[in-house]
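Residues per chain are reported as follows:
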Amino acid sequence: MKLLNVFLLGLVIVLFSAGCSKDKDPDPINETEGLQLVTTLSNDNHKVNIYTKSGKLQTGYNEIFFQVKDAGGNLVDNALQLEWMPVMHMSSMSHSCPASSISKKENTRSLYKGFVVFQMAGSDMEYWELTIDYSVGGTAYEAKGNIQVLEASKKVVQSFLGSDEKRYVLALVAPSEPKVAVNDMTAVLYRMESMMSFVPVDGYTVKIDPRMPGMGNHSSPNNIDLTQGTDKLYHGKLSLTMTGYWKINLQLENGSGTVVKGEPVTEGNEGSSIYFELEF
Amino acid sequence: MSNLFLLLQEKYFLPANFSKMFRFCFIFLLLCCAGGYAQSDSTHHRDTVKAVLLEEVIIVGDRPLRNKTNKPLANLEQYLEKANAVNMIRRGGYAWEPLINGMATERSVITIDGMRIYGACTDKMDPVTSYVEITNLEKANVHSGQAGSAGGATIAGSLDLVRKKNTFGAKSLKGIAFAGFELNNRQKILGTGINWQSPKTYSSIDLTFRDADNYKAGGGEEVLYSQFTKYNMSAIAGFKIDEHQHIEASLIYDHAVDIGYPALPMDVSLARAYIGSVEYVRHHISSSVHQWQTKLYFNDVTHVMDDSKRPVVPIRMDMPGWSKTAGFYSRVEGTTGGNNWKLNISGHHNYSLAEMTMFSNTPDEKDMFMLTWPGVQTNYGDLYGEASLPVGHNLKAVLSAGLALHNNLISKESGLESLKIFYPDMSRSKTRLLKRFSATMQYNKNHWLLDAGIAYGDRAPSVSEGYGFYLFNSFDRFDYIGNPGMKNEKSVSVNGAAAFENKAFMAKLSGSFFYLTDYIIGMPDNGLSVMTIGASGVKVYGQLKSAAIFNTSLDVNYQLTEKWYWTNKLGYRRGTGYGIGNLPLIQPFTYASAINFKVKAFSAELSMNGAARHNKYNSDFGERALPAYTVFNVMASQRVRLAKTSLQIKAGVENILDNNYTTFSDWNRVPRMGRNLFINLVVVF
Ligand SMILES: [Cu+2]
Ligand SMILES: [Cu+2]
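Residues numbered from 1 in each chain as written. Chains lettered and ligands numbered in written order. Predicted model: local features only at pLDDT ≥ 70, side-chain atom pairs only at ≥ 80, totals over all residues. Heavy atoms only, no water.

## Here's the deal with the overall build of chain A
Looking only at helices and strands, one finds one helix and 22 strands in chain A. Burial status across chain A gives 45% buried among its 280 residues. Taking the intrachain contacts of chain A between residues at least 6 apart in sequence as the baseline, contacts between residues at least 24 apart amount to 57%. Working note: accessible area of chain A is about 14,300 Å², and carbon and sulfur atoms make up 51% of it. (Helix = DSSP H or I, 4+ residues; strand = E, 2+ residues; numbered from the N terminus. Buried < 20%, exposed > 50% of the residue type's maximum accessible area, 1.4 Å probe, protein only. Contact = heavy atoms within 4.5 Å. Areas by Shrake-Rupley, 256 points an atom, 1.4 Å probe, with all protein chains shown as cover.)

In structure tokens form, the structure reads like this:
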């Protein structure tokens with residue numbers, strides 16, 4: 001009996017210490033926890049690890065995080081003058097897409113973040129390339145590489161020519177986890193100035209009309225159209241009365257109240273030409 | 001055997017001098033709170049005695065067998081329908097919803113032996129009355145208005161289904177077996193029961209089975225989806241502690257499957273209830289306190305709506321609902337200074353949850369889900385007392401008063417969030433104080449009994465009215481949205497009755513008038529988009545400034561000769577709402593007459609019942625005018641005794657002329673049953 005006790009005690013100690021050693025983490029503060037690696041861009045000095053929550057890049061709004069590591073595998077926390085440039089190389093031409101500025105994520109040492117809105121997915125022939133420029137200790141660097149952009153399963157970005165002959169990109173930011181409730185809805189709106197330049201649009205209104213096409217195209221009450229907040233994003237309220245597939249019909253209205261794209265949903269018109277989709 | 005017969009009692013109490021009554025009520029409640037009722041010398045009187053007297057005046061001439069009920073094995077609904085105060089909303093062959101004084105179940109309190117039960121269906125397909133069987137019950141007490149509202153706050157009145165009472169006694173074992181068949185819908189009824197008693201214990205158990213196919217309306221047209229199958233088991237056991245104390249445990253298990261609702265777009269695959277209680281009774285406590293009765297109870301109701309039997313639906317869906325209630329009451333009855341009084345403290349907790357899942361017609365699309373009852377708790381505490389005061393030689397005042405605390409709490413976070421779509425500022429919890437009182441004067445001399453009363457009561461919105469989320473009403477074809485912010489609905493009512501009785505003749509005229517303020521009703525909101533495919537619009541529960549309902553009935557019974565007995569009944573109601581005209585589901589002029597012949601163990605009856613044209617309807621609630629109708633029935637019964645066994649055979653034909661008709665209370669105007677041949681056999685051994 002005594003022997004058994006000693007044996008068991010020994011076993012417990014062994015297991016415990018094994019567990020402890022496994023827990024030992026070389027990076028005590030894991031700033032990328034909850035994120036998944038998408039790809040790594042590299043140059044001679046650094047590796048730039050790109051992360052998103054899903055580990056994928058998709059059409060629409062993507063919140064993107066990255067870390068820069070030097071040759072010794074140490075995280076670089078003093079990168080400055082960060083800029084990025086996504087470019088899609090198509091057979092006949094190249095173009096960019098809306099992208100935010102880059103900043104360090106609050107309360108982190110070495111994690112940089114921003115967002116990019118991809119209007120379309122890449123393929124073998126037509127692909128996206130991401131270039132990240134930064135400087136460390138006064139020296140400028142560039143990391144560059146192809147990235148895979150997948151088609152999102154639901155429509156979450158619209159790129160269109162308005163009646164004012166301007167090209168716009170409108171992308172859904174939130175809700176990313178919709179509920180049967182009044183959801184906070186957020187979107188970003190950009191105007192295309194040139195193939196390579198997209199600028200945020202101020203003072204517009206994004207009118208929303210959520211519908212369930214699978215159920216007689218019913219709507220929901222107490223939605224609030226999206227208007228621009230102090231953070232420059234467009235915010236509104238989206239009521240979803242049940243789970244399932246929702247089509248959020250959109251109309252884009254400029255500062256003087258003129259609708260530049262989209263049509264109201266009526267008896268004869270089941271949906272607008274611009275819309276987002278949600279399914280939960 | 002006579003226990004199988006349900007005696008319907010309608011109690012009318014009547015208020016008197018208003019300020020006196022008010023003062024009395026106030027003192028009364030104070031006394032209750034102080035718990036000093038036993039020493040109290042205040043002049044209490046016993047209303048129940050007088051009320052029962054009034055009942056007896058009406059029922060005395062009615063031997064159970066001669067009771068206006070035609071079939072011993074009729075369903076409970078058919079029994080209840082005989083009461084003047086009661087109409088039944090019919091959505092098919094099963095689970096009719098009782099209307100009391102022209103008001104639906106939100107406005108009444110329906111209890112089983114004082115136990116509160118909440119149906120689990122958002123579409124009212126399972127009123128409390130659907131979870132019991134006639135074999136479980138001895139009688140149903142119908143109280144109009146506030147009188148006798150021990151069960152809780154009410155507007156229209158209360159219906160208490162009283163379970164069969166077993167007793168201690170000399171050792172005996174009795175059995176009963178019964179069988180019935182109805183030709184029209186091929187309903188098979190089978191059942192059995194065993195009754196045991198001894199000086200120290202009693203117990204009984206009974207089982208009932210019913211199975212029906214679709215019924216046929218007059219003219220032979222089959223009413224699809226009107227089938228049902230029901231199993232019911234009831235057990236009761238008592239144990240005597242000593243001469244003046246005993247305990248009793250009881251259980252009802254009711255299980256119905258494959259129930260069609262021809263008036264609705266969905267059927268029910270399962271409706272199930274467990275109804276259990278434990279009771280402690282003590283009597284002869286002192287010279288002034290006769291009885292103290294305390295009961296703990298619990299019930300659990302499951303209701304599963306399903307449309308799998310319907311070949312064509314716009315979208316497939318499942319709609320299950322659950323309701324659980326736990327509660328208690330403690331009731332003391334006594335006599336002080338020759339006056340009878342009763343005090344009742346009760347409380348219950350209910351949890352109601354219902355959900356809806358719709359399966360998209362588009363392949364691979366996710367199911368659509370919502371909470372139609374968002375996990376609503378009802379917490380309720382109640383204090384109630386009734387007493388009677390002699391005012392003169394033949395005159396007495398019967399008083400009752402109650403005070404309740406009512407709380408609703410949404411316990412599902414997701415449910416609260418979904419309701420906040422409509423009410424962004426609503427709070428999770430809402431508490432209300434509910435008040436009720438009544439005062440009745442009763443005058444009783446020689447062959448006459450007169451009474452007149454006045455009452456006040458209020459109520460909280462029901463779970464659906466307060467918290468329902470897109471509940472489709474297939475009658476007016478609107479989706480209904482609850483409104484948690486509504487005020488209490490209030491009612492002031494007056495009622496009166498005059499009865500005359502001598503050896504051969506009985507007549508009773510009674511009437512009541514309810515004036516309701518903040519009357520709760522669905523109001524169309526054109527700005528809202530329907531959820532249900534094909535619905536006409538959305539109604540949100542709101543409150544009318546006022547509504548008024550008038551009820552009247554006349555009973556005239558005459559014992560023509562020793563063998564011939566003639567009963568007659570007339571009824572009429574009128575209901576209007578401020579700004580909307582006629583209230584829906586209000587009974588037009590109706591009549592019933594029966595002539596009964598009885599000699600020794602044989603009896604036969606020819607009866608007719610009908611209604612005048614229904615033209616006080618409201619088309620905004622899906623109603624339309626209805627023609628008058630008259631239906632004739634005939635039946636005969638023979639009792640045979642063989643040693644210790646007695647056999648009763650009853651057979652007859654209902655709707656002899658095979659009329660195709662529908663009444664004001666038929667949901668979506670689904671026609672009633674056509675000609676029906678029935679036979680009931682009951683063996684007691
Ligand atoms: Cu829907
Ligand atoms: Cu139901």
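There is more to say, and it comes next.
## Focus: the overall build of chain B
Along the backbone of chain B there are five helices and 32 strands. With 685 residues in all, chain B has 59% of them scored as buried. In the structure as shown, chain B presents an accessible area of about 25,800 Å², 61% of it carried by carbon and sulfur atoms.

## Describing the coordination of the copper ion (ligand 2)
In ideal tetrahedral geometry, four donors around a metal make angles of 109.5 degrees, whereas ideal octahedral geometry with six donors gives angles of 90 or 180 degrees. Residues and elements named next belong to chain B. Every protein donor of the copper ion (ligand 2) is listed here as Cys121 (SG), Met125 (SD), His303 (NE2) and Met305 (SD), and their distances to the metal cover 2.1 to 2.6 Å. Taken together, the four donor atoms surrounding the copper ion (ligand 2) define angles of 79 to 127° at the centre, an arrangement classified as irregular. Here the donor residues of the copper ion (ligand 2) share one chain and are spaced in sequence as C-x3-M-x177-H-x1-M. Here histidine 303 lies in strand β14 (residues 289–306) and cysteine 121 lies in the loop between β5 (115–116) and β6 (137–144), a separation of 182 residues in the sequence. (Donors = N, O, S within 2.8 Å, 3.2 Å for Na, K, Ca; no water. Tetrahedral: all angles 85-135°; square planar, octahedral: opposite > 155°, others 65-115°.)

## Looking at the interface of chain B and chain A
Think of interface size as the accessible area that goes away when the parts come together; that is how it is often given. If you look at the interface, chain B gives 22 residues, while chain A gives 21 residues. For the pair chain B and chain A, the number of links is one salt bridge. In this structure, A:Lys179 engages B:Glu417 in a salt bridge whose closest nitrogen and oxygen atoms are separated by 3.1 Å. In this structure, the connection of chain B to chain A is made through six residue pairs in polar contact (both at pLDDT 80 or more). Among the secondary structure elements, those contributing two or more residues to the side of chain B that touches chain A are β17 (368–390) and α4 (413–419) of chain B. Taken together, the residues that form the side of chain B that touches chain A break down as 13 nonpolar, three polar and six charged. (Salt bridge = Lys/Arg side-chain N within 4 Å of Asp/Glu carboxyl O. Polar contact = N/O pair within 3.5 Å; in protein donor to acceptor, adjacent residues only side chain to side chain. Nonpolar A, V, L, I, M, F, W, Y, C, P; charged D, E, K, R; others polar.)

## Topic: the domain arrangement of chain A
All names here are of chain A. According to the domain assignment, chain A consists of domain 1 (36–150) and domain 2 (157–279). Placing the centre of domain 1 and that of domain 2 at their C-alpha centroids yields a distance of 27 Å. Every contact between the two is made by 16 residues of domain 1 and, on the other side, 11 residues of domain 2. Summing both sides of the interface, domain 1 and domain 2 together bury roughly 1,100 Å²; the carbon and sulfur share of this comes to 82%. (Domains from an automatic or database assignment. Buried area = accessible area lost by both parts, 1.4 Å probe.)

## Here we look at the coordination of the copper ion (ligand 1)
All names here are of chain A. Those donors, Met212 (SD), Met215 (SD), His218 (NE2) and Met242 (SD), are the protein atoms that reach the copper ion (ligand 1), and they lie 2.0 to 2.7 Å from it. Geometry at the copper ion (ligand 1) is irregular, judged from the four donor atoms that bind it and their angles of 90 to 142° at the metal. Look at where the donors of the copper ion (ligand 1) fall in the sequence and you get M-x2-M-x2-H-x23-M. Across the pair, exposure class does not vary: methionine 212 and histidine 218 are buried alike.

## A word on a nonpolar patch on the surface
Residue and element names in this part refer to chain B. Taken together, the side chains of Val492, Val494, Phe513, Tyr515 and Phe550 make up a nonpolar region of the molecular surface, amounting to roughly 400 Å² of accessible area. Considering the arrangement of structural elements, one finds valine 494 in strand β23 (residues 489–501). Note on valine 494: relative accessible area 39%, which makes it partly exposed. (Patch = residues over 30% accessible without salt bridge, like charges linked within 9 Å, V, L, I, M, F, W, Y side chains within 5 Å.)

## A look at the pattern of salt bridges
Residues and elements named next belong to chain B. Counting across every chain of the model gives 34 salt bridges over all chains. Arginine 436 is paired through a salt bridge with aspartate 382; the nearest N and O atoms lie 2.9 Å apart. One end of the pair, arginine 436, is in strand β19 (residues 429–445); the other, aspartate 382, is in strand β17, and 54 residues separate them in sequence. Note on arginine 436: relative accessible area 2%, which makes it buried. Accessibility expressed as a relative area gives 4% for aspartate 382, which makes it buried. In this structure, arginine 672 and aspartate 666 form a salt bridge, with 3.0 Å as the shortest nitrogen-oxygen distance. For the pair formed by arginine 672 and aspartate 666, the shared burial category is buried.

## Concerning the pairing of strand β25 (residues 537–559) of chain B
Residue and element names in this part refer to chain B. Here strand β22 (residues 478–481) pairs with β25 via four bridges, running parallel. What sits directly across from aspartate 479, in β25, is valine 538. Strand direction decides the pairing type here: strand β24 (residues 505–524) and β25, joined by 19 bridges, are antiparallel. Bridging across to β25, glycine 522 finds its partner in tyrosine 541. Summarising the sheet, β25 and strand β26 (residues 564–577) pair through 13 bridges and their orientation is antiparallel. (Pairing = 2+ DSSP bridges.)

## A look at the environment of B:Leu544
Residues and elements named next belong to chain B. Along the chain, leucine 544 turns up in strand β25. Under the relative-accessibility criterion, leucine 544 is labelled buried at 6%. Along the sequence, leucine 544 and isoleucine 520 sit 24 residues apart, while their C-alpha atoms lie 6.5 Å from each other. Among all residues touching leucine 544, those that are not within four sequence positions of it are Thr517, Asp518, Tyr519, Ile521, Met523, Gly577, Tyr578 and Ile580.

## A closer look at the pairing of strand β11 (residues 228–242) of chain B
Residues and elements named next belong to chain B. In this sheet, β11 lies alongside strand β10 (residues 201–212) in antiparallel orientation, the contact comprising 12 bridges. Bridge pairing links isoleucine 205 to alanine 235 in β11. As paired strands, β11 and strand β12 (residues 245–259) are joined by 13 bridges and run antiparallel to one another. Within β12, the residue paired with serine 234 across the bridge is isoleucine 252.

## Quick look at the confidence of the model for chain B
Residues and elements named next belong to chain B. Looking at chain B as a whole, the pLDDT averages 87, with 90% of positions reaching at least 70. Within chain B, the lowest mean pLDDT, 29, falls on helix α2 (residues 47–59), and the highest, 97, falls on helix α5 (residues 463–467). Segment residues 1–68 is flagged for pLDDT under 50; beyond a separation of four residues in sequence, or across chains, it makes 194 contacts in the model. (pLDDT = per-residue confidence, 0-100.)

## Quick word on the side chain of A:Gln158
Residue and element names in this part refer to chain A. Along the chain, the position of glutamine 158 falls in strand β13 (residues 157–161). Separated by 2.7 Å, the side chain of glutamine 158 and the backbone oxygen of tyrosine 275 make a polar contact. If we ignore the near neighbours within four places in the chain, the residues touching glutamine 158 are Tyr168, Val169, Leu170, Ser273, Ile274, Tyr275 and Phe276.

## Quick word on the nonpolar core
Formed by 131 residues in total, the largest nonpolar core has its most connected members in A:Met242, B:Ile112, B:Leu161 and B:Met358. Per-element accounting of this core gives the leading share, six residues, to β25(B). Discounting residues that sit within four places of it in the chain, B:Leu161 has contacts with B:Leu76, B:Leu80, B:Thr111, B:Ile112, B:Asp113, B:Thr129, B:Val132, B:Leu137, B:Lys139 and B:Ala140. Grouped together as the second largest cluster of nonpolar side chains are 26 residues, A:Phe66, A:Cys97, A:Ile102 and A:Ile147 included. (Core = buried A, V, L, I, M, F, W, Y, C linked by side-chain atoms within 4.5 Å.)

## Description of unusual backbone geometry
Both trends apply: most residues other than glycine have a negative phi, and most peptide bonds are in trans. Cis geometry marks the peptide bond from A:Ala174 to A:Pro175; its omega dihedral reads 5°. In this structure, A:Pro175 sits in the loop between β14 (167–174) and β15 (182–194).

## A closer look at the confidence of the model for chain A
Reading fine detail from the predicted coordinates is not recommended where pLDDT is low. On average, chain A scores 89 in pLDDT, and the residues at 70 or more come to 90%. With pLDDT under 50 throughout, residues 17–26 of chain A is counted as low confidence; its partners more than four residues away or in other chains account for zero contacts.

## Let's talk about the environment of B:Val278
All names here are of chain B. Within the secondary structure, valine 278 is located in strand β13 (residues 267–283). For valine 278, a relative accessible area of 48% corresponds to the partly exposed category. Taking the C-alpha atoms as reference points, valine 278 and phenylalanine 298, 20 residues apart in sequence, are found 9.2 Å from one another. Valine 278 has contacts with Glu248, Ala249, Thr294, Lys295 and Leu296, leaving out every residue within four places of it along the chain.

## A look at the packing of aromatic side chains
Residues and elements named next belong to chain B. Inspection of every chain in the model, using the stated rule, returns 25 aromatic pairs over all chains. Aromatic ring contacts, followed pair by pair, group Phe422, Tyr423, Phe469 and Tyr470 into a single cluster. Of note, lysine 539 hangs over the ring of phenylalanine 621, and the distance from its end group to the ring centre comes to 3.9 Å. (Phe/Tyr/Trp six-rings, centres within 6.5 Å; stacked < 30°, edge-to-face > 60°. Lys NZ or Arg CZ within 6 Å of the ring centre and 35° of its normal.)

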